[in-house]
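Read off the chains here:
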Amino acid sequence: MGTENNPDSKASAGGGSNQMWGGRFAAAPDALMERINASIGFDKALYAQDIAGSIAHARMLGNVGILSDADVTASDNNWSSRFCFIKCCLSVRA
């Protein structure tokens, strides 16, 4: 997906700044940063599914003996905390 379809990385019509950086800098972000940030809209939309997949993967690794029960529990707790943090941050910014 190109940056032209993503409002989070689109440069403002006035040049200089863009929506993501909120006009904090005089110049627009480097083209590399524009490409890196192009997926932010997808990241926001899919974070819950991404985290659920990571939790399921860690549990599978525990089920086949690659991760210990303690590691699976730690992973669950870590991902659950990240989920809550991201959900909170997105609701505050919305």
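Residues numbered from 1 in each chain as written. Predicted model: local features only at pLDDT ≥ 70, side-chain atom pairs only at ≥ 80, totals over all residues. Heavy atoms only, no water.

1. Focus on the overall build of the protein chain
Then, number 1: Helices and strands together make up the secondary structure of the protein chain, namely three helices and zero strands.
Then, number 2: Helices and strands in the protein chain line up, N terminus first, as α-α-α.
Then, number 3: Going through the 94 residues of the protein chain one by one, you find that 17% of them count as buried.
Then, number 4: Across the protein chain, contacts joining residues at least 24 apart in sequence account for 46% of those joining residues at least 6 apart.
Then, number 5: As presented, the protein chain carries roughly 6600 Å² of accessible surface, and 60% of it is formed by carbon and sulfur atoms. (Helix = DSSP H or I, 4+ residues; strand = E, 2+ residues; numbered from the N terminus. Buried < 20%, exposed > 50% of the residue type's maximum accessible area, 1.4 Å probe, protein only. Contact = heavy atoms within 4.5 Å. Areas by Shrake-Rupley, 256 points an atom, 1.4 Å probe, with all protein chains shown as cover.)

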